[in-house]
Amino acid sequence: MTQAYYRKTPQQALEAQNASAEGLSAQEARRRAEQYGPNKLSEGKKKSTLQVFLEQFKDLMVLILIIAAVISAFSGNVESTIVIFAVLVLNAILGTVQYEKAEKSLESLKAMASPTAKVMRGGVRVEIPSADVVPGDIVLLEAGDMVVADGRVLENFSLKVNESSLTGESEGVDKTAEAIDADQVALGDQKNMVFSGSLVTYGRATVLVTGTGMDTELGKIAALMNQTQQRKTPLQQSLDSFSAKLAMVIMAICAVVFALSIFRTGMGILDSLMFAVALAVAAIPEALSSIVTIVLAMGTQKMARQNAIMKDLKAVESLGSVSVICSDKTGTLTQNKMTPQKVYADGSLLEGEDLSLVNDVQRLLLKAALLASDATNNEKEGTAIGDPTEVALVMLGEKFGVDEESYRAQHPRLGELAFDSDRKLMSTLHDIDGVPTLFTKGAIDVLLNRSTHLLTREGKVEMTPERREELARVNMELSMEGLRVLAFAYKELDAVRPLTLEDENGFTFIGLISMIDPPRPEAVQAVADAKRGGIRTIMITGDHKVTASAIARQLGIFRDGDEAVSGVELDGMTDTELDERLPRISVYARVSPEHKIRIVNAWQRRGNIVSMTGDGVNDAPALKKADIGVAMGITGTEVSKDAASMILADDNFATIVKAVVNGRSVYANIKNAIQFLLSGNTAGIFCVLYASLLALPVPFQPVHLLFINLLTDSLPAIAIGMEPARKGLLDQKPRDPREPILNRPLLARIGGQGLLIAIVTMIAFYLGYQGGDAVMASTMAFATLTLARLFHGFNCRGSESIFRLKLSTNKYSVLAFLAGVVLLLLVLFTPGLKSLFMVAPAFGFANLGEIVLLAFLPTLVIQLVKLVCDARRGK
């Protein structure tokens, strides 16, 4: 897009311009919301319900079943044909409902992660959902914010905006509050306009909203776009590939069975066709795709309840393979509630509450702390707005009865150089007793180098090397205690004028204020749990190396023999040197966005699956690069949330570890559900093949197998997917993502367990076939296979025996078993269903006893083997 044009209706432009500096009243905001609608973009044309329903019949497996139904109809088996089509329609309806629910769930997740906006409403600064922004609102923008509507800049403080979402240009655009010639309509020329979807990368501004929703420049682009189809996850692709291969194998085997039935056993064509149909229905795991999707959906919902919002399903799969977590310190490993601690001024190191306002130096230090910050704190409501570090400074003022808002009103801000991570400084200009005074706060190592004098009670003195050394020593002492230290300085200017970066030199150093962001109590245990699970935790922070190492040691991240590296030291390393030292480095301090990407790259070169946490604009590239990017839901910027795979609603490191455990659990449950479904289907295949080769009657009617696959099997499979996470999951190493889900051990279990179930099923078949009654034989085989597979659901809950797993830990598995038994009994003893499912009229309770005994035998054998394995593992 080379050019975009700013167009608003006359009414919109007029109403927007009529907004006062105090913002809209609540009544006016409601009126405009009704007039203009919500501030949302059209999401393109969605599939109709009918389209979704018809798409359920595209699968190759479904086509094979349709062919089977047609063959059943030609063979005179009308009941089977009706049931097959009924089941296919029911499955399509369930798939359609599931799709609609998934769309609604996606909308809910989008709402949880939707951007908010800071606006002036009736003279009060409030934070509202972006959907509630209307033309005429006064929006306050800061670095890291996503612009949620088109608007005109009223006040500008070094604002720079990235408009790449509109123009394709990655270079930031400087904005101004100056009026622009109306003829300059090209987007790049509108220096006094900001546009929805762009990102504030520097500075801050006050903006008058002139367009929202589809009336924005981004809305015009959205109107031209069609909805893109969501890509399938690796697991879904793997299962689709498996299903396609299975379909080909089934068709080949069916052809072989059909030929053998005719030429070797002398069966008629129709009987041979019924064998082929029965084999196809027995082999196809109709519910597999739905079950996997349901298990993944339940896993993501469980994670959401535990404050981990998954943006895409593939993240769930990758979580089980995470072996390195690169975590930001502030707010993730710590509480993100900075509280003031020790203060150094005029040669004295004292506690914050012992600060004396009688001392000129200490009073000026407090004044600089309050004026060179933007945070506000409402003690009555217990709410604070702003950077946690600045909130701590406000709290320090409140200890002495100083209200930050009234204090700032006495000394209004006349100019500003906003903070950025490169300079590590923030400066504000004020009139102090008639003298234009620049107050600056920032990192001590930067500010010391820019200071020429030191303020004492006797006045300004020259900053000698000895005094620098003393300040550095105090800083080191505070940092060794895990405290974050901010330095403060001031500079008197000759006049009030626009500030430049050159003004941040020649300071008079005032003093230091330290604060602490205590580690989260649960983070200590989470780090230990991660280590037990084979996951290495790395701390990456903007803090000083000494401070970061002290906090890391408290958390258990930094241990004897580990190293801490600063960004400067990292710059001095080659990739080879970094790769050599990488396993020993636990803390990275004072790092840049490029450093974060380099750290992630280094771990990925070693074959690790890396999770990276972050909350700022500068974290976005690393979040995108990592295998699992994790953004902060509370303090995170919108661009970091957009780049991440997962959002932490509570900004808590312990939530990441919980999510990893849940990811492992979801994958294990999916694997167990697949084992359950395929081992049962394998039993059916063995039975049909055996009967075909020995010229026996068909052991199952297609309707029998569909009943098992789609009704009695689905409930236990879903119950297996709801199996709670086991403690032992953290005793395992991270899963190799390259390992296929259907590996050799799993295939061996599927084959062995399927064979056991097939043996007892054919024994039941022979019991019913003693008098040559093929209908009784089929009924006995059908009932035994159904009940054996219901029992088998308990075997597939985990690798341990049921005595270790306990029935009570997954009540859904018991309910699924009981529901399956009830369905089977209804089929066996309800007159209408008996004829539909071709149940032998002579079938009675004596036969039911034989079925229960035979069906339980495979589970008994499997559980005995598991008990022996439990004993060998020393459990």
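The structure displayed is predicted, hence computed values, not measured ones. (Residues numbered from 1 in each chain as written. Predicted model: local features only at pLDDT ≥ 70, side-chain atom pairs only at ≥ 80, totals over all residues. Heavy atoms only, no water.)

Turning our attention to the overall build of the chain. Looking only at helices and strands, one finds 32 helices and 26 strands in the chain. Counting only residues that meet the buried cut, the chain has 53% of its 875 residues in that class. Contacts spanning at least 24 positions in sequence make up 71% of the contacts within the chain whose residues lie at least 6 apart. (Helix = DSSP H or I, 4+ residues; strand = E, 2+ residues; numbered from the N terminus. Buried < 20%, exposed > 50% of the residue type's maximum accessible area, 1.4 Å probe, protein only. Contact = heavy atoms within 4.5 Å.)

Quick look at the pattern of salt bridges now. Applying the stated criterion across every chain yields a total of 28 salt bridges. Residue Arg423 is joined to Glu504 by a salt bridge in which the shortest nitrogen-to-oxygen separation is 2.8 Å. Residue Arg423 is located in the loop between strand 14 (415-420) and strand 15 (425-432), and its partner Glu504 is located in the loop between strand 19 (484-492) and strand 20 (507-516); the two are separated by 81 residues in the primary sequence. Assigned by exposure class, Arg423 and Glu504 land together as buried. Among the ionic contacts, a cluster of salt bridges with common partners joins Arg204, Asp374, Arg413 and Glu416. (Salt bridge = Lys/Arg side-chain N within 4 Å of Asp/Glu carboxyl O.)

Following the sequence through the fold, Gln753 ends up in helix 27 (residues 744-768). The class for Gln753 is buried, based on a relative accessible area of 9%.

On to the sheet that holds strand 21 (residues 536-541), then. With mixed pairing, eight strands are arranged side by side in an open sheet as 8-26-25-24-9-21-23-22. With partners counted over all chains shown, the strands left at the sheet margins are strand 8 (308-310) and strand 22 (563-566), one partner each. Strand-to-strand twist across the sheet, computed as the mean angle between neighbouring axes with direction ignored, equals 20 degrees. Pairing between strand 25 (residues 628-632) and strand 26 (residues 646-648): three bridges, direction parallel. Residue pairing across strands places Met632 opposite Leu648, the latter belonging to strand 26. Relative to the sheet, helix 21 (residues 593-605) contacts strand 9 (322-328), strand 21, strand 23 (585-589) and strand 24 (609-614), its axis offset from that of strand 24 by approximately 160 degrees. (Pairing = 2+ DSSP bridges. Axes fitted to C-alpha atoms, helices over the stretch in contact; angles between N-to-C directions.)

Burial analysis of strand 25 places five of its five residues in the buried class, the great majority of the element. Side chains Ile628, Val630 and Met632 of strand 25 all project onto a buried face; the interleaved residues Gly629 and Ala631 project onto the opposite face, where all are buried too. The pairing of strand 24 with strand 25 spans four bridges and is classified as parallel. Residue pairing for strand 25: Ser611 is matched across the bridge by Ile628.

Below, the discussion takes up the packing of helix 24 (residues 653-693) against helix 26 (residues 714-721). At a closest axis distance of 8 Å, the pairing of helix 24 and helix 26 adopts a crossing angle of 160 degrees. By the angle between their directions, the pair helix 24 and helix 26 is classed as roughly antiparallel. In terms of crossing hand, the pair formed by helix 24 and helix 26 is right-handed. Here Asn669, Asn672, Ala673, Phe676 and Leu677 of helix 24 lie close against helix 26, whose contacting residues are Pro716, Ala717, Ile720 and Gly721. The class makeup of the residues in the contact of helix 24 with helix 26 is six nonpolar, three polar and no charged. (Parallel < 35°, antiparallel > 145°, perpendicular 65-115°, else oblique. Left-handed = near helix turned anticlockwise from the far one by under 90°. Nonpolar A, V, L, I, M, F, W, Y, C, P; charged D, E, K, R; others polar.)

Before going further, it helps to examine the packing of aromatic side chains. Geometrically, a pair of aromatic rings is defined through the distance of the ring centres and the angle of the planes. Counted under the stated rule, the structure contains ten aromatic pairs. For the pair Phe794 and Phe817, a centre-to-centre distance of 5.4 Å together with 50 degrees between the ring planes defines the contact as tilted. Here the residue Phe794 occupies a position in helix 28 (residues 774-795), and Phe817 occupies one in helix 30 (residues 811-829), the gap between them amounting to 23 residues. Residue Phe794 is classed as buried on the basis of its relative accessible area of 13%. The buried category is assigned to Phe817, whose relative accessible area is 15%. (Phe/Tyr/Trp six-rings, centres within 6.5 Å; stacked < 30°, edge-to-face > 60°.)

Attention now goes to the packing of helix 17 (residues 521-532) against helix 24. Interhelical geometry of helix 17 versus helix 24 gives an angle of 35 degrees and a closest axis separation of 8 Å. As for how helix 17 packs across helix 24, the hand of that crossing is left-handed. The segment helix 17 lies against helix 24, with Glu522, Ala523, Ala526, Val527, Asp529 and Ala530 engaging Phe653, Ala654 and Val657. Considering only residue class, the contact of helix 17 with helix 24 consists of seven nonpolar, no polar and two charged.

Here we take up the environment of Ala526. Here Ala526 lies in helix 17. Sequence separation between Ala526 and Lys658 is 132 residues, and the spatial gap between their C-alpha atoms is 8.3 Å. Sequence-distant contacts of Ala526, defined by excluding residues within four places in its chain, comprise Phe653, Ala654 and Val657.

Attention shifts here to the confidence of the model for the chain. For the chain, mean pLDDT is 81; residues scoring 70 or higher make up 81% of the total. Predicted confidence is poor over residues 1-16, with pLDDT under 50, and the contacts of this stretch with residues over four places away or in other chains come to 38 contacts. Low pLDDT, under 50, characterises residues 224-234; the stretch is placed with 14 contacts to residues that sit more than four places away or in other chains. (pLDDT = per-residue confidence, 0-100.)

Right, let's get into unusual backbone geometry. In this structure, Asp346 takes a positive phi of about 55 degrees despite not being glycine. Looking at the secondary structure, you find Asp346 in the loop between strand 10 (339-345) and strand 11 (348-351). You will see that Arg590, though not glycine, has its phi angle at about 55 degrees, which is positive. By the element assignment, Arg590 lies in the loop between strand 23 and helix 21.

Of all six residues that make up strand 14, five are buried, and the element is covered over most of its length. Pairing of strand 14 with strand 15 involves four bridges; the strand directions are antiparallel. Across the sheet, residue Asp420 finds its bridge partner in strand 15, namely Leu425.

Look at helix 27: 36 Å from first C-alpha to last across 25 residues, which is about the 36 Å you get at 1.5 Å a residue. Restricting attention to buried positions, one finds in helix 27 the residues Leu746, Ile750, Gln753, Gly754, Ile757, Ala758, Val760, Thr761, Met762, Ala764, Phe765 and Gly768. On its buried face, helix 27 sits against helix 24, helix 28 and helix 32 (845-872). Measuring from the backbone nitrogen of Leu746 back to the side-chain oxygen at the start of helix 27 gives 3.0 Å, which picks out Asn743 as the cap. (Expected span 1.5 Å × (residues − 1). Polar contact = N/O pair within 3.5 Å; in protein donor to acceptor, adjacent residues only side chain to side chain.)

Our next topic: the environment of Leu499. Mapped onto the secondary structure, Leu499 falls in the loop between strand 19 and strand 20. Here Leu499 falls in the buried class, since its relative accessible area comes to 16%. When residues no more than four places from it in sequence are discounted, the contact partners of Leu499 are Gly415, Glu416, Leu417, Leu429, Leu438 and Leu493.

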